[in-house]
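Results of the structural survey
Single-letter residue listing:
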Amino acid sequence: MKLVVKPRFSQKKSEVKQIRSVGDIPAVIYSLKKEPASLIVNGQEFDAVLRQMQPGHLPTTVFTLSDGVKECQAIIKEIQYHVITYKVSHIDFQELTDVDVNVKVPVNCIGTMECIGVKLGGVVRQVMRHVRVKCQPKHIPTKFDIDVKSANIGNSLRVKDLQGITSDVTVLAKDHDVVAVIAKR
């Protein structure tokens, strides 16, 4: 995803309010060996990106930030929302280099309609929606799948049952942590 950003030179509260009043979003990009840089993200462009994104996939989305002169790859580390309107009020980006990063990868339960436990009257309860991993930026997975098709009522599926974990990715959760449970209604 590509975002056009502008540098922000002032740290005054009044100027941040002015940025938000025109619909733009103040942001900061953190780099490993550089000072944090203040940015302005186009609010309409960012809203359009959020609308087309699948729910839960924001932490693993790599953004290309361009100011017209140079580009850099970054992920969102934190996003702040307005309390009442729930509009994005601030974004923290982390620049991607060749150093390992920690990200939350979404977990997708597949086979819920064909699940044996669901056919017997149970329900799939997803305990973990994201799994934290550590990897190189080029190996960031978009999602992990867990197949619940053969699970019966009372069965639990664990981190070790996740599909899509490669040798390039280190899962920071324990293998026996529960991801999903087939429970009685």
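One structure accompanies this document, and this report is about it. (Residues numbered from 1 in each chain as written. Predicted model: local features only at pLDDT ≥ 70, side-chain atom pairs only at ≥ 80, totals over all residues. Heavy atoms only, no water.)

With that settled, consider the pairing of strand E4 (residues 63-66). Taking every second residue as pointing to the same face, both faces of E4 are buried, with Phe63 and Leu65 on one and Thr64 and Ser66 on the other. Bridge count between strand E1 (residues 2-7) and E4: 3 bridges; the pairing is parallel. Across the sheet, the residue bridging to Leu3 is Leu65, located in E4. Relative to strand E5 (residues 71-81), E4 is paired through 4 bridges, and the arrangement is antiparallel. By the bridge assignment for E5, Phe63 is matched with Ala74. Hairpin connection between E4 and E5: a loop of 4 residues separates the two successive antiparallel strands, and Gly68 in this loop has a positive phi of roughly 95°. (Buried < 20%, exposed > 50% of the residue type's maximum accessible area, 1.4 Å probe, protein only. Helix = DSSP H or I, 4+ residues; strand = E, 2+ residues; numbered from the N terminus. Pairing = 2+ DSSP bridges.)

With that settled, the discussion passes to the side chain of Thr64. Within the secondary structure layout, Thr64 lies in strand E4. Looking at Thr64, the relative accessible area reads 15%, which means it is buried. Apart from the residues within four sequence positions on either side, Thr64 is in contact with Met1, Lys2, Leu3, Glu71, Cys72 and Gln73. (Contact = heavy atoms within 4.5 Å.)

Glancing now at the nonpolar core. Looking at soluble globular proteins, one finds that nonpolar side chains tend to be buried together. Counting 26 residues, the largest nonpolar core has Val131, Val133 and Leu162 as its most contacted members. Looking at this core, the elements that each hand over two or more residues are strand E7 (101-110), strand E9 (130-135), strand E10 (144-147), strand E12 (169-171) and strand E13 (178-184). A total of 5 residues in this core trace back to one element, the largest contributor, which is E7. Among all residues touching Val131, those that are not within four sequence positions of it are Val103, Lys104, Val105, Val107, Phe144, Leu162, Val171 and Ala173. Residues Val41, Met53, Leu58 and Val88 belong to the second largest nonpolar core, which totals 20 residues. (Core = buried A, V, L, I, M, F, W, Y, C linked by side-chain atoms within 4.5 Å.)

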